[in-house]
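Architecture and fold: a report
If you want the building blocks of each chain, they are given just below.
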Amino acid sequence: MAPASHLKLNTGAAIPSVGLGTWRSEPGEVRGAVAFALKQGYRHIDAALIYGNEHEVGQGIKDSGVPREEIFLTSKLWNTHQPNVTEGLQKSLDALGTDYLDLYLIHWPVRLVPNETSELLPVNPDGTRSVDRSWDQSETWRQMEEVYKSGKVKAIGVANWSIPYLEELRKTWKIVPAVNQVELHPFLPQHKLREYCAKYGILLEAYSPLGSAGAPLMSDDDIQEIAKKNNVSPATVLISYHVNKGVVVLPKSVHEKRIVSNKDVVELSQEDLNLLDGLAARGKAKRINTPLFGWDLGFDDCT
Ligand SMILES: NC(=O)C1=CN([C@@H]2O[C@H](COP(=O)(O)OP(=O)(O)OC[C@H]3O[C@@H](n4cnc5c(N)ncnc54)[C@H](OP(=O)(O)O)[C@@H]3O)[C@@H](O)[C@H]2O)C=CC1
Ligand SMILES: O=C[C@H](O)[C@@H](O)[C@@H](O)[C@H](O)C(=O)O
C-alpha cells in the first residue's frame, strides 16, 4: 500500500506524515529553511521553545505566503514552564506569531526549577540539573487538558514518555495524548512502545530519524544496501521507514536540496521493513538523545 501523506490523530484531525524539524536550526538559517520548505510543499513544522528559534520559525512561516490554516504547527512546553502551562504556551505563541497551535507537547516528563544559573537549563551547585522530583506530571497534563479546552491548541500530547510514565498518566488522564514524540529509527525501533501507543490510540512521531548528530545510520551497511536496492538515498530509506509504518517523521535540514529530497517517501517492501525493524536486535541498538536529568526516565533497552 502506498505510504500515506497524512495520518490521523485521535482528535480526528489529519497530520502530514512528514514534518520539518527545527532543533539546532540556527537563527539566521531557520527562517529561510522554513519558508523554503513550505514553498516546496511541506505543511508541517515541528518547533519548541527550548530551540530558541521560534521567532525565526514564525517569520519563515509568514515569508512563505502559505496561509496559517494550511500549516500543521507543533510546539512543546519546556520543562521550566511545567508549573504553568499557560505561560509556556503563550511564550511560544508570541514567538511564533500565531494565536493557536495544531499540537502542543510536554517536551519531557520532567519539571526543572529555574535558578540564577539559567532560566531554561538550570543546574544545581554540583552541576546536576535542578529537577523538581516531587512534581506530579498528572498536574501538568491536567493543565494541558485545560489549554486544549481553551481552543488555543487543537491537540495535546507528550514527548519522551516511556511506558511506565504513560501508565502512570493513564490513571488520571481525561484526554488521551494525541501523540508521543520519541527518538525512533532502525537502531531504536521501540517495538514495545509502538504496541502500547497503538493500543491507546496515541500516534507516534519519530524524532532524530536520520541519526541526528550521533548515530551512523546513513552509513550503515544494511541501510545502504536497502537504499541501493530501491535506488534512493539512505535518508529516503530512513524517512520512508516511518511513514510505511504509520508513524509521523520529522527530518531536520536547513539545506534546500535536502529539504526537498527529505519529503520524498517511497514504498518499502515488507522484507525491507522487517530488516530495518530487526537491526537493533542484531547488535546495532543505540539511543542518541538522553539528556542528563539525573534519574530514570523509564526508557528500556534500545530494541
Ligand atoms: N522531542 C524531542 O525531545 C526531540 C525532538 N526532535 C525533533 O525532531 C527533529 C529531527 O531530529 P534531529 O535530532 O534534528 O535530527 P535528524 O535525524 O533529523 O538529523 C538532522 C541532521 O541530518 C542532516 N541531514 C538532513 N537531511 C539530510 C540528508 N538528506 N542527507 C544527509 N544529511 C541530512 C542535517 O543537516 P543539515 O541541516 O545541515 O542538512 C542534520 O545534521 C528535530 O529537529 C526536532 O524538531 C529532535 C530531538 C529531540
Ligand atoms: O528536542 C530536543 C531535545 O529534547 C533537546 O531539547 C534537549 O535534549 C535539550 O537539549 C536538553 O539538553 O535537555
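In short, a report on the structure. (Residues numbered from 1 in each chain as written. Chains lettered and ligands numbered in written order. Predicted model: local features only at pLDDT ≥ 70, side-chain atom pairs only at ≥ 80, totals over all residues. Heavy atoms only, no water.)

1. Some words on the overall build of the chain
Applicable threshold: A helix here means a DSSP run of H or I that spans at least four residues, while a strand means a run of E at least two residues long, and both kinds are numbered starting from the N terminus. Each residue is placed in one exposure class: buried if its accessible area under a 1.4 Å probe, protein chains only, is under 20% of its type's maximum, exposed if it is over 50%, and partly exposed if it falls in between. Here a residue-residue contact requires only that any non-hydrogen atoms of the pair lie within 4.5 Å. The charge count includes Lys and Arg as positive and Asp and Glu as negative, but it does not include His or the ends of the chains. Charged side chains are reduced to one point each, which is NZ for Lys, CZ for Arg, CG for Asp and CD for Glu.
A count of helical and extended segments in the chain gives 10 helices and 10 strands. In terms of overall dimensions, the chain has C-alpha extents of about 55 × 45 × 40 Å along its principal axes. A total of 303 residues make up the chain; the buried ones form 53% of that total. The long-range share in the chain, meaning contacts at least 24 apart out of those at least 6 apart in sequence, stands at 73%. Separation between the mean location of the 33 positive side-chain charges and that of the 38 negative ones in the chain comes to 2 Å.

2. Focus on empty space enclosed by the protein
Quick reminder of the rule: Only protein atoms enter the 1 Å grid used here. Points where a 1.4 Å probe fits but cannot escape make up a cavity, open sets with protein on both sides within 12 Å along at least five of seven lines make up a pocket, and a residue lines them when an atom lies within 4 Å of a point. Grid points are joined across faces, edges and corners, and a volume is the space filled by probe spheres set on the points. Just so you know the grouping, Ala, Val, Leu, Ile, Met, Phe, Trp, Tyr, Cys and Pro go in nonpolar, Asp, Glu, Lys and Arg go in charged, and all remaining residues, Gly too, go in polar.
This structure, assessed with the given rule, holds 1 cavity of 30 Å³ or more. Volume-wise, the largest cavity comes out at about 40 Å³. Forming the boundary of the largest cavity are Asn160, Trp161, Ser162, Val182, Glu183, Gln190, Leu193, Tyr207, Arg287 and Phe299. Its residues assigned to classes, the lining of the largest cavity shows 5 nonpolar, 3 polar and 2 charged.

3. A closer look at helix α5 (residues 163-170)
Just so we agree on the cut-off: Arc definition: it is the arc formed by the directions from the helix axis to the C-beta atoms.
Residues of α5 that are buried include every one of Tyr165, Leu166 and Leu169, and no others. Buried positions in α5, seen along its axis, are confined to an arc of 100° and lie on one side of it. The secondary structure elements touched by the buried residues of α5 are α4 (137-150), β7 (156-159), β8 (179-183) and α6 (191-200).

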